[in-house]
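Summary of the model geometry
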Amino acid sequence: MSKFNKKRGKTTPAISTASLPDIIFMLLFFFMVVTTMRDAELKVQVRTPFATELTKLEEKSLVNYLYIGRPMQNFQAVYGTKPRLQLGDKFATVADIPLFLEQHKIKVPESRRGAITSSLRVDGTVTMGIVQDVKTQLRKSGQLKINYSAKKRPDMSR
Amino acid sequence: MSNELNASSMADIAFLLLIFFLVTTTIVEDKGITVRLPPWSEEDPETQRLKSRNVFSVLVNAQNQLLVRGEPTDIRDLRERTKEFISNPLKREDLAEKPTMAIISLKNDRGTNYETYLQVYNELKAAYNELWDELSQRKYNVPYSDDLPTAWIKEIRGEIPMVLSEAEPTSFGEEN
């Protein structure tokens, strides 16, 4: 019966790599989707505190980020160690907030502007003074929806 | 000679892109405590007389110590005390008349640590979340979440509204 020994004695064929690109592309798309480009280089140290009652920020395009923390080591010679505000990729003062909000707002379609959230990424060691100033400025600018960025507390038993 | 396109370099190109995205990726946990700030107004807010039994005052000083209704309290007891104040299960004279009248007043110092402040806020929010959850279990037999029908959420929130008023902070402590 030649049916069973047809391929005997032949060299093994090379493994087809034709599907390899597909697999890689799949991985690629996965990472492209979950990626959020680091749009700003952090100049302040931000280690957000832990909390339990968290809500997730859904739409990234409707969120602007305000960072508050102590300047990184290499900026301390110029900016000191007092907590500073960072907007976009540079140090800023509270007075720069309205312009920053406006710049973000014009990129958002008009119908969605009410849903814009300001994410406050604040270092845990900072005192409330600067946070309060930022909050007051946000209120004055009419940006009332804010989110105190926090990490999920690992153990549930407090 | 076959007329097929040589696709063997496709994998390399895809790999290159993949590695690029791997490097630039930060799977950020964009989570936090969402708060709605009160609108700004230049005028002084009109003073309201409230019955002191309906007000649950929480003060945090620059040493990160808590003063709840005039007595020093540990942050671990804050959630239970808040819940008891709002729901007032024993109908005590010194706690809120009913949940709709309860007001939480939070006041901190400019020298308070942000971490402490957020923890206090977290506990107060947790107290409300737990009360909402209990009510939701009782009424609809489901745990409270934002995915419930809007009418139910409205019903629950109408019965126990979250009223948290933040006073202008004091500035006794040192800021740094």
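Here, the structure is the one placed above.
The following refers to the structure shown. (Residues numbered from 1 in each chain as written. Chains lettered and ligands numbered in written order. Predicted model: local features only at pLDDT ≥ 70, side-chain atom pairs only at ≥ 80, totals over all residues. Heavy atoms only, no water.)

Some remarks on the interface of chain A and chain B
Listed by partner, the interface residues are 55 residues for chain A and 51 residues for chain B. Contact with chain B buries area across many residues of chain A, yet Glu53, Arg139 and Tyr148 of chain A alone supply 14% of it, more than any other trio. On the surface where chain A and chain B come into contact, there are 2 salt bridges. Secondary-structure elements contributing two or more residues to the side of chain A that touches chain B are α1 (20-34), β3 (55-56), β4 (63-71), β7 (117-122), α4 (128-140) and β8 (145-149) of chain A. Counting residues per element, the side of chain A that touches chain B draws most heavily on α4 of chain A, at 11 residues. Looking at side-chain class alone, the side of chain A that touches chain B contains 27 nonpolar, 13 polar and 15 charged residues. In this sheet, strand β1 (residues 31-36) of chain B lies alongside β3 of chain A in antiparallel orientation, the contact comprising 2 bridges. Note on β1 of chain B: the bridge partner recorded for Lys56 of chain A is Lys31 of chain B. (Contact = heavy atoms within 4.5 Å. Buried area = accessible area lost by both parts, 1.4 Å probe. Salt bridge = Lys/Arg side-chain N within 4 Å of Asp/Glu carboxyl O. Helix = DSSP H or I, 4+ residues; strand = E, 2+ residues; numbered from the N terminus. Nonpolar A, V, L, I, M, F, W, Y, C, P; charged D, E, K, R; others polar. Pairing = 2+ DSSP bridges.)

Re the pairing of β8 of chain A
Counting buried residues along β8 of chain A, 4 of its 5 residues qualify, which places the element largely inside the surrounding structure. Here β7 of chain A pairs with β8 of chain A via 3 bridges, running parallel. Looking at β8 of chain A, one finds that Ser118 of chain A is bridged to Ile146 of chain A. Regarding the hand of the β-α-β motif, the stretch spanning β7 of chain A, α4 of chain A and β8 of chain A is right-handed. Examined bridge by bridge, β8 of chain A and β1 of chain B share 5 bridges and lie antiparallel to one another. Within β1 of chain B, the position partnered with Ile146 of chain A by the bridge is Val35 of chain B. (Buried < 20%, exposed > 50% of the residue type's maximum accessible area, 1.4 Å probe, protein only. Right-handed = clockwise from strand over helix to strand, strands pointing away.)

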